[in-house]
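Examination of the molecular architecture
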Amino acid sequence: MIDKDLLKLLVCPQSKAPLKQVDDELICAESGLAYPIIDGIPVLLIEEARKIN
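Just so you know, these numbers come straight off a predicted model, no measurement behind them.

In this section: the overall build of the chain. Within the chain, the regular secondary structure consists of one helix and five strands. Along its sequence from the N terminus, the chain presents helices and strands in the succession α-β-β-β-β-β. Taking the principal axes of its C-alpha atoms as reference, the chain extends roughly 25 × 20 × 15 Å. Relative to all contacts within the chain whose residues are 6 or more apart in sequence, the contacts with residues 24 or more apart total 16%. Surface summary for the chain: the accessible area is close to 3,800 Å², and the carbon and sulfur share equals 55%. Here the chain carries 6 positive and 9 negative side-chain charges, and the mean point of each set is 8 Å from the other.

So, on to the pairing of strand β2 (residues 25–28). Side chains Glu25 and Ile27 of β2 all project onto a buried face; the interleaved residues Leu26 and Cys28 project onto the opposite face, where all are buried too. Relative to β2, strand β1 (residues 20–22) runs antiparallel, the two being bridged by three bridges. Looking across to β2, one finds that Gln21 is bridged to Leu26. Pairing geometry for β2 and strand β3 (residues 33–38), over four bridges, is antiparallel. The residue of β3 that forms the bridge with Glu25 is Pro36.

It is worth spelling out the pattern of salt bridges at this point. As enumerated under the stated definition, the model contains one salt bridge in all. Between Glu25 and Arg50 there is a salt bridge, with the nearest N and O atoms lying 2.8 Å from each other. With Glu25 in strand β2 and Arg50 in strand β5 (residues 50–51), the pair connects residues that are 25 residues apart, well separated along the chain. Judged by its relative accessible area of 16%, Glu25 falls in the buried class.

Calculation rules
- Residues numbered from 1 in each chain as written.
- Predicted model: local features only at pLDDT ≥ 70, side-chain atom pairs only at ≥ 80, totals over all residues.
- Heavy atoms only, no water.
- Helix = DSSP H or I, 4+ residues; strand = E, 2+ residues; numbered from the N terminus.
- Contact = heavy atoms within 4.5 Å.
- Areas by Shrake-Rupley, 256 points an atom, 1.4 Å probe, with all protein chains shown as cover.
- Lys, Arg positive; Asp, Glu negative; His and termini not counted.
- Charge placed at Lys NZ, Arg CZ, Asp CG, Glu CD.
- Buried < 20%, exposed > 50% of the residue type's maximum accessible area, 1.4 Å probe, protein only.
- Pairing = 2+ DSSP bridges.
- Salt bridge = Lys/Arg side-chain N within 4 Å of Asp/Glu carboxyl O.

Shape descriptors only; they carry no functional weight alone.
Put into structure tokens, the structure is as follows:
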């Protein structure tokens, strides 16, 4: 679980929109990308994100 204060600061690197944590991913509704959280560390690399519908 990502700290709530940290989550408020994080944005999608592609769209600069806020991210929402869902299980072990950070979701950006605007860009349609899901960024993984690996060992408690968010991986905010566009090439590591998966597309969501």
